[in-house]
Amino acid sequence: MSRFKASKFRHTEARPPRREAWIGGIRAGSVTSYGNNVKASCCWIAFNAEASGVLGIVPLECEDGGKRTVSQLCCHSDVVTDFDFSPFDQLLLATGSADETVKVWRLPQSSQDIPRGAGLTLGPGGGPVDMLQFHPTADGILASGTGKRVTIWDMEQQQPLTVLDSHRDQLQSLAWKRDGSLLGTSCKDKKLRIFDPRVSPAASQSVLGHENNKDSRLLWIGSSDCLISIGFSQMREREVKLWDMRRFSGAMLTMALDTSPGAAISLYDADTGLLVMAGKGENLLYCFEVAPTQPALTQVTQCRTEGSTRGLATVPRLALDVMACEVLRVLQLTDTALVPVSYVVPRKSVQDFHEDLFPDCTGMLPATGAQAWWAGDSQQVGRVSLHPARRPTETFTSPIIACTWLQAANTSPTIGTGPTSTDTDTNADQSEGSGYSSPSSLASPGSATTSLSASTGPSSGFASSPSQKSLQSILGPSSRFRHAQGRVLHRDTHLTNLRGLSLTTPGECDGFCANHQFVALPLLSAGGQIAILELSKPGRLPDTAIPSIQNSVAVTDLFWDPFDPQRLAVAGEDAKIRLWRIPQGGLQETLQEPEAVLQGHTEKIYSIRFHPMASDLLVSSSYDMTVRIWELSTGREALCLQGHTDQIFSLAWSPDGKKLATVSKDGRLRLYEPRRSPLPQQEGPGPEGARGARLVWVCGGDYLLVSGFDSRSERRILLYQAQALPKGPLSVLGLDVAPSTLLPFYDEDTSVVFLTGKGDTRVFLYEVTPEPPYFLECNSFTSSEPHKGFIFLPKTVCEVREVEFARALRLGQSTLEPVAFHVPRVKKDYFQDDIYPPTRVWWEPALSASAWLSGEDRQQRRASLQPTDMTPVSQAPKEAPARKFVPAAVYLEEKSDEQKKEELLSAMVARLGNREDPLPQDSFEGVDEDEWD
């Protein structure tokens, strides 16, 4: 691009498609890796599926207006970290995994041709494979990044050509130069390195790239000596830098983008010079034109999408719609769809081929082989025209993996003379259904542990649905709450003008607490003040100070007594627990003296919880590594549990009150029977990350659900069988990457778990089942601004007439808003007894503290939520099925056109009324002539 010549791409438009053009029916995985999570060839699209070790496979184009079939490729026994399509053989796919192996697959021409397994396996390589990239000019060469080294593989010989191990820290990206001579890398030690693999395994050049060691990417600008790097500055700003390896001591150009925390996925098209970037978890696509000769980086356009980005890929140029002036197509991977975004240059004539927009591009016939390239052959791939009439028809089949259908025809792998067919045959079963044939592991959240071991092996190949006759067989089990909706109630129910809130409570605390009468909010002022507000008195709070509890020390956790709604337990940094009693009409003056003070811990307390069955019984955990159970009626410490070696993140009573579970920073889950032993009954492995964790009992107390982090700070939930903790989790489900710990709330009546964190805007909903796939995804709730806390109220406050099954309080910057979760139902006049089973009478204790401590066990009674004037929907009268077809007699008795006109005219005249009737204005009285003066 000349300095004074306008770019032909300056008017490029990003055109997101309508929803009908999305590739839906998928469940994308939330893999924390350095890969782009989605790649495309001229035939297939591959993306990270939700199940561990599984890729989703879908055709790039649908033939004859049909719908695509989403299949799964079960590749590895662990997470698929990166994958890449061969630039020459459009059916050749390489996958890398945390199981330390690289596998190469030949995808079939259609989804019916199921391969037996991987064509070849490379490794194991001494660590998880982090990134993969095929060589741009030679067939059979693959670069893989593992830890601190890059291995250049000769796939035909299944041996490494060389290993580049000059890195001092974790690799973050690698990129081949377009001519195949050099390879560049970015590393966590903040350096960019250039290698000439055929000359030396040591880096020929290196330079300090970005000042922050967060995820960085490196791209070559075509075959030139210039590069692009994307990373973070010392101030944590995302930035783009242009480099010239001939003057590699410093960047030619540095441009700051924004302060978003997500790692940037960057795609560069060498033929147009367009650079597309998006942050993981964001919905904004940037498009820049790169001019390294000036140097310049000019923003062309930006596009805001509906869904958040999980991955990004470009479609090969030979697959573009050139007659529509489509110069670039980007595939955005979201949670539930693949969204193709077309970049189009508007032209007046769309019937002509525009040579200036579409110069000859790199073809798909390799210039050389692996051994020839290693010996010094530097031939370049021939260029081909994109003109529809001059487009090449030959295809290439790599000899690395013998193609099964070619072997059946007794034909050796070679360059073909005609186009490879990509038609997808459909059988009668498939034609009967509509939508996508999506396996359960793609369409619904499943077990990353059990779903693979139950039916598929690490190299079992494709596993697509053979029939669409049954929707459940296609999509797998689905939750009856999958259409649940959350909505913020009317502003009249809000508490507003909240001032001076403390937003720095420990991570083990929910931030505030509420029952059906009061809400307790820690304040920022000195002395550990706590505001007590009545939910029955919504509205704007006065600007003046309101009566509060003077706790005297900073609050670490607080909890309402479920059996005494006026009693609040507050844990402080002074290792004491104070019990406060709120007057019946709310606070009228500041409370300074607690009802009781519990002392026994020697260090700051983490969290406190009341017993679910026994009155006057409280449990607490502390920095002194002990868990203590208090009898409140006497103010004494009844039991002290030992066995923890590090910080206790969370504790929870079992629903029957017999057991107590904890999760701690040492990565262990512990299960206690406090009345039997002060030591844990059993232990098991917990979440890997040490940033925080929570746990809750589910499925009637037979299972434990734990929310935490993995080693790469991805938030995930784990399901354990309570009686088999040493065996590890039954299922693991990754959700997203965020800094705050997920706070779980479990509704025992519906088996729905709600998960959100402080500072989040999204609440995840899953129905938990004791059978695979264990987690059934439901609609999530999203708010417009981050919440500082999210607390659920007792079941009895739900409006059953509106089919509301849960209600929460959302704490904003200065507001407290009720959020109702309901299920859409047609027959709302009836009581939905399938959603509202008899609920536990949580407000009545089953026994006293002394009785429980002496060994007694009792259960609370249950009560129906059914209003007296409503009939259960199970007893509603059956409606007669409506006729689907109109009888032939109706058509025989149809009126003629003349009869229809006559009836229409008569009806119109009847509506006009009698024309001889006086008009209303005729009855009005006038004024005398002299009154006009």
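Residues numbered from 1 in each chain as written. Predicted model: local features only at pLDDT ≥ 70, side-chain atom pairs only at ≥ 80, totals over all residues. Heavy atoms only, no water.

Novice: Please give an account of the overall build of the protein that cites residues and values.
Specialist: Per the secondary structure count, the protein includes nine helices and 66 strands. Counting across all 933 residues of the protein, residues that qualify as buried make up 54%. If you take every contact in the protein between residues at least 6 apart in sequence, the share linking residues at least 24 apart comes to 55%. Of the roughly 41100 Å² that the protein leaves accessible, carbon and sulfur atoms contribute 49%. (Helix = DSSP H or I, 4+ residues; strand = E, 2+ residues; numbered from the N terminus. Buried < 20%, exposed > 50% of the residue type's maximum accessible area, 1.4 Å probe, protein only. Contact = heavy atoms within 4.5 Å. Areas by Shrake-Rupley, 256 points an atom, 1.4 Å probe, with all protein chains shown as cover.)

Novice: Would you mind going over the environment of Ser7 in detail, with residue names and values included?
Specialist: In this fold, Ser7 is placed in the segment before strand S1 (13-15). Owing to a relative accessible area of 8%, Ser7 belongs among the buried residues under this scheme. Along the chain, Ser7 and Val300 lie 293 residues apart, while their C-alpha atoms are 9.9 Å from each other. In terms of polar contacts, Ser7 uses its side chain to reach the backbone amide nitrogen of Phe9, at 3.0 Å. (Polar contact = N/O pair within 3.5 Å; in protein donor to acceptor, adjacent residues only side chain to side chain.)

Novice: Residues and numbers for the sheet that holds strand S16 (residues 183-187), please.
Specialist: Across the sheet, four strands lie side by side as S15-S16-S17-S18; this open sheet has antiparallel pairing. Edge positions in the sheet fall to strand S15 (171-176) and strand S18 (205-208), since each has one partner strand and no second. Across this sheet, the average inter-strand angle for adjacent strands is 15°, counted without regard to direction. Bridging between S16 and strand S17 (residues 191-195) involves four bridges; their strand directions are antiparallel. In the strand pairing of S17, Gly184 is matched with Ile194. (Pairing = 2+ DSSP bridges. Axes fitted to C-alpha atoms, helices over the stretch in contact; angles between N-to-C directions.)

Novice: Before we move on, can you summarise the nonpolar core with the specific residues and values?
Specialist: Ranked by size, the top nonpolar core spans 31 residues in total, and within it Leu312, Val327 and Tyr343 carry the most contacts. Core analysis: the next-biggest nonpolar cluster, separate from the first, contains 23 residues, Ala806, Ala808, Val823 and Ile835 among them. (Core = buried A, V, L, I, M, F, W, Y, C linked by side-chain atoms within 4.5 Å.)

Novice: Help me get a handle on the sheet that holds strand S44 (residues 596-599), residues and values and all.
Specialist: With respect to topology, four strands assemble into an open sheet ordered S41-S42-S43-S44, the strand pairing being antiparallel. Two strands bound the open sheet, and with one partner strand each, they are strand S41 (555-561) and S44. Each strand axis lies, on average, 20° off the axis of its neighbour in the sheet, ignoring direction. Pairing between strand S43 (residues 576-581) and S44: four bridges, direction antiparallel. Across the sheet, the residue bridging to Ile577 is Leu598, located in S44.

Novice: Lay out the confidence of the model for the protein in plain terms, naming residues and giving numbers.
Specialist: Low-pLDDT portions of the prediction should not be read for the details of their coordinates. Here the protein shows a mean pLDDT of 84. Residues at 70 or above account for 86%. When pLDDT is averaged over each element of the protein, strand S47 (residues 627-631) comes out on top at 97 and helix H5 (residues 450-455) at the bottom at 32. Per-residue pLDDT stays below 50 along residues 403-474; that stretch engages in 176 contacts with residues further than four places along the chain or on separate chains. (pLDDT = per-residue confidence, 0-100.)

Novice: Let's hear about the environment of Arg540: which residues, and what values?
Specialist: Note on placement: Arg540 falls in strand S39 (residues 539-540). Setting aside residues no more than four positions away along its own chain, Arg540 makes contact with Thr496 and Asn497. Here Asp543 takes part through its side chain, which lies 3.5 Å from a polar atom of the side chain of Arg540.

Novice: Help me get a handle on the packing of aromatic side chains, residues and values and all.
Specialist: Taken as a whole and judged by the stated rule, the model has 21 aromatic pairs. Relative to Trp560, the ring of Phe518 lies with its centre 5.7 Å away and its plane at 25°, an arrangement referred to as stacked. Taken together, the positions of Phe518 in strand S37 (residues 518-522) and Trp560 in strand S41 put the pair 42 residues apart, joining distant regions of the chain. Where Trp842 meets Trp843, the ring centres are 5.1 Å apart and the plane angle is 80°; that geometry is what we call edge-to-face. Its relative accessible area of 16% is what places Trp842 among the buried residues. Across from the ring centre of Phe232, 4.3 Å away, lies the NZ or CZ of Lys214, which sits over that ring. (Phe/Tyr/Trp six-rings, centres within 6.5 Å; stacked < 30°, edge-to-face > 60°. Lys NZ or Arg CZ within 6 Å of the ring centre and 35° of its normal.)

Novice: Describe the pattern of salt bridges, and please don't skip the residues or the numbers.
Specialist: Taken as a whole and judged by the stated rule, the model has 58 salt bridges. The salt bridge involving Arg499 is made with Asp543; its shortest N-O contact spans 3.3 Å. Of this pair, Arg499 sits in the loop between strand S35 (495-496) and strand S36 (513-514) while Asp543 sits in the loop between S39 and strand S40 (548-550), placing them 44 residues apart in sequence. Classification of Asp543 by relative accessible area gives partly exposed; the value is 49%. A salt bridge links Lys537 to Glu534, with the nearest nitrogen and oxygen atoms 3.2 Å apart. What emerges from the salt-bridge pattern is a single network uniting Lys177, Asp179, Asp225, Asp244, Arg246 and Arg247. (Salt bridge = Lys/Arg side-chain N within 4 Å of Asp/Glu carboxyl O.)

Novice: Describe the pairing of strand S25 (residues 284-291), naming the residues involved and giving the relevant values.
Specialist: In terms of burial, S25 is a largely internal element, eight of the eight residues being buried. Along S25, one buried face is formed by Leu284, Tyr286, Phe288 and Val290 and the opposite face, lined by Leu285, Cys287, Glu289 and Ala291, is buried too. Both strand S24 (residues 274-279) and S25 contribute to a ladder of five bridges, which runs antiparallel. Each residue of the ladder has a partner; that of Ala278, found in S25, is Leu285. The turn joining S24 and S25, which pair antiparallel and follow one another in sequence, is formed by four residues; a positive phi near 85° is taken by Gly281. The sheet contact formed by S25 and strand S26 (residues 296-304) spans eight bridges and is antiparallel. Of the residues in S26, the one forming a bridge with Leu285 is Cys303.

Novice: Hey, could you go over unusual backbone geometry for me, with residue numbers and the actual values?
Specialist: Backbone geometry follows two general trends: most residues other than glycine have a negative phi, and most peptide bonds adopt the trans configuration. The residue after Gln294, namely Pro295, is reached through a cis peptide bond having omega -15°. Its place among the elements puts Pro295 in the loop between S25 and S26. Of the consecutive residues Pro772 and Pro773, the connecting peptide bond is found in the cis state with omega at 10°. Mapped onto the elements of the fold, Pro773 is located in the loop between strand S59 (762-768) and strand S60 (775-777). Residues other than glycine seldom take positive phi values, yet Gln158 does so here, at roughly 55°. If you trace the backbone, Gln158 turns up in the loop between strand S13 (149-154) and strand S14 (159-164). Given the relative accessible area of 39%, Gln158 is considered partly exposed. Although it is not a glycine, Met625 adopts a positive phi angle of roughly 70°.

Novice: Tell me about empty space enclosed by the protein, and please be specific about residues and values.
Specialist: Enumeration according to the criterion identifies one cavity of 30 Å³ or more in this entry. Its boundaries defined by the atoms lining it, the largest cavity holds a volume of some 40 Å³. As for the largest cavity, its lining consists of Gln172, Ser186, Cys187, Lys190, Lys191, Leu192, Gly209, His210, Asn212, Asn213, Lys214 and Ser216. Looking at the lining of the largest cavity, the elements with two or more residues in it are S16 and S17. Per-class residue counts for the lining of the largest cavity are two nonpolar, seven polar and three charged. (1 Å grid on protein atoms, 1.4 Å probe; cavity = no way out; pocket = protein on both sides within 12 Å on 5 of 7 lines; lining within 4 Å. Points joined across faces, edges and corners; volume = space filled by probe spheres on them. Nonpolar A, V, L, I, M, F, W, Y, C, P; charged D, E, K, R; others polar.)

Novice: Outline the side chain of Ser707, supporting the account with residue identities and numerical values.
Specialist: Note that Ser707 resides in strand S54 (residues 703-709). Separated by 2.7 Å, the side chain of Ser707 and the backbone oxygen of Leu742 make a polar contact. Contact partners of Ser707, with chain neighbours within four places excluded, come to Gly692, Ala693, Arg694, Arg716, Ile717, Leu742, Pro744 and Leu755.

Novice: Break down the environment of Met245 for me, citing the residues and quoting the values.
Specialist: Within the element layout of this structure, Met245 appears in the loop between strand S21 (238-244) and strand S22 (253-258). Those residues in contact with Met245 that sit more than four places away from it in its chain are Leu182, Ile194, Gln205, Trp220, Asp225 and Leu227.

Novice: Any chance you could break down the side chain of Asp139 for me, citing the residues and the numbers?
Specialist: As for its position among the elements, Asp139 is in strand S11 (residues 138-139). We note that Asp139 is buried and unpaired, the nearest opposite charge coming from Arg106 at a distance of 7.8 Å. Excluding its chain neighbours within four sequence positions, the residues that come into contact with Asp139 are Phe88, Pro366, Thr368, Gly369, Ala370, Phe396, Ser398, Pro399 and Ile400. (Lys, Arg positive; Asp, Glu negative; His and termini not counted.)

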